[in-house]
Amino acid sequence: MNATKTQRAKTWLTKDKRPIVIAGPCSAETEDQVIETAKRLKATNKMDVFRAGIWKPRTRPNSFEGVGVTGLPWVKRVKEEVGLPTTVEVAKAKHVELCLAFDIDILWIGARTTVNPFAVQEIAEALRGVDIPVLVKNPINPDLALWIGGMERLSAVGVKEIGAIHRGFSNLGEKFYRNRPQWQIALEFVRQMPEIPILCDPSHICGRRDILQDVGQKAMDLDFDGLMIETHIDPDNAWSDAKQQITPEVFGKMITDMVLREDYEDNPVLQSKLDYMRQEIDHIDDELMNLLGNRMKVARDIGTYKKENNMTILQQKRWNDILEKAKRLSEERQLSTDFVSKFINAVHEESINQQEKIFKQK
Ligand code: PEP
Ligand code: MN
């Protein structure tokens, strides 16, 4: 069954508030830093849940690996004295036990843990019979099944409130992002798991401050249910992820400046106009399919002709001409040449495959 986006908006995490915003430091460093960050965040009135890393999975050893259990009473103070719900990353059963002992409200599983089914299973076992929400970040590699598998392990032990976080995917040679977002994977996740709310973590996607706003906005435009953003009272001197953290005040402005478009499924007038425009799209898509079908039929006829006359499938000059023409037309049609070239390549590949089938026929 496909839950609509409006139904999704009513799931546990967002209740009647969308987007839900989680903010706080990458790492809890000192008691003062934790409390001051939380107070300044609360003052922005733009966030809902306080995050802090207590145990930090670092890429290289000898980096700061988190203050550990010492930091949990600080986070508990945030809940009791500042009045914010809290969330902490867990990577093993012991972390779960300690978080429960310190009344943490929501747990999250980090990208480096989601990749490891043993670790997720261990966490799940520690959560058997425990009623606490868990957010699952995507694994560092773009493997949708592994991400969903993590959630299945949790729901199998009875965890009822599960959410997802898109934090981008590790990509060798990537320069622009720290972890490149793969929106189509996140959207496919939503299609397959419509009842699970999904957040975006622009901080770990970007790894830098200057593009956080754009990435957060993109997630909002794609109807994500919320955001997780790293914030620090002195970002440049943060003990981890200094380059991507922002002050609570910059964070407040970022959220204020975000354009939040409504999901109008509840408004019949706006919805019917949209439905009408979508019908047009559906009609055009049908035509596209018919045209592609026709094109492939001609390609098969050409295949038969080439076979009968002992000609090669690919004739380079002809292919160059097709590409050149497509590029010229793309400008006139206001299409990017990159898109047109990918499209025409895909169509051409399918034609060749269809012709090859004919060549293989006895
Ligand atoms: C974090 O949120 O601080 C963190 C370690 O993130 P990720 O698991 O996305 O790398
Ligand atoms: Mn971090």
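Note: the structure precedes this text.
In this report, the structure presented in the accompanying data block is examined. (Residues numbered from 1 in each chain as written. Chains lettered and ligands numbered in written order. Predicted model: local features only at pLDDT ≥ 70, side-chain atom pairs only at ≥ 80, totals over all residues. Heavy atoms only, no water.)

## Notes on the coordination of the manganese ion (ligand 2)
In step 1: Note on the manganese ion (ligand 2): its protein donors are Cys26 (SG), His204 (NE2), Glu230 (OE) and Asp241 (OD). The metal-donor distances range over 2.0 to 2.4 Å.
In step 2: Here the donor residues for the manganese ion (ligand 2) map to a single chain with the spacing C-x177-H-x25-E-x10-D. Here Cys26 is found in the loop between strand E1 (20-24) and helix H2 (31-44), whereas its partner Glu230 is found in strand E8 (residues 226-230), with 204 residues between them in sequence. (Donors = N, O, S within 2.8 Å, 3.2 Å for Na, K, Ca; no water. Helix = DSSP H or I, 4+ residues; strand = E, 2+ residues; numbered from the N terminus.)

## Considerations on the side chain of Glu29
In step 1: Among the structural elements, Glu29 can be located in the loop between E1 and H2.
In step 2: Within the buried set, Glu29 has no salt-bridge partner at all; the shortest N-O distance to an opposite charge, 8.7 Å, is to Arg58.
In step 3: Within the structure, Glu29 has its side chain in polar contact with the backbone nitrogen of Trp239 (distance 2.8 Å). (Buried < 20%, exposed > 50% of the residue type's maximum accessible area, 1.4 Å probe, protein only. Lys, Arg positive; Asp, Glu negative; His and termini not counted. Salt bridge = Lys/Arg side-chain N within 4 Å of Asp/Glu carboxyl O. Polar contact = N/O pair within 3.5 Å; in protein donor to acceptor, adjacent residues only side chain to side chain.)

## Quick look at the pairing of strand E5 (residues 134-137)
In step 1: Covered by surrounding structure in E5 are Val134 and Val136 together with Leu135 and Lys137, the residues of both alternating faces.
In step 2: Viewed along the sheet, the connection from E5 through helix H7 (residues 144-156) into strand E6 (residues 162-166) turns out right-handed. (Right-handed = clockwise from strand over helix to strand, strands pointing away.)

## Here we look at the nonpolar core
A general trend in soluble globular proteins is that nonpolar side chains are found buried together.
In step 1: By size, the foremost hydrophobic cluster in this structure holds 67 residues, and its most contacted members are Phe50, Leu127, Trp147, Leu154, Phe189 and Phe251.
In step 2: Once you skip the residues sitting within four places of it in the chain, Phe189 turns out to touch Leu144, Trp147, Ile148, Met151, Ala164, Ile196 and Ile198. (Core = buried A, V, L, I, M, F, W, Y, C linked by side-chain atoms within 4.5 Å. Contact = heavy atoms within 4.5 Å.)

## Section: the environment of Glu230
In step 1: Accessibility expressed as a relative area gives 1% for Glu230, which makes it buried.
In step 2: Sequence-wise, Glu230 and Ser27 are 203 residues apart; in three dimensions their C-alpha atoms are separated by 9.0 Å.
In step 3: Sequence-distant contacts of Glu230, that is, excluding residues within four places in its chain, are made with Gly24, Cys26, Arg51, Ser203, His204, Asp241, Gln244, Gln245 and Ile246.

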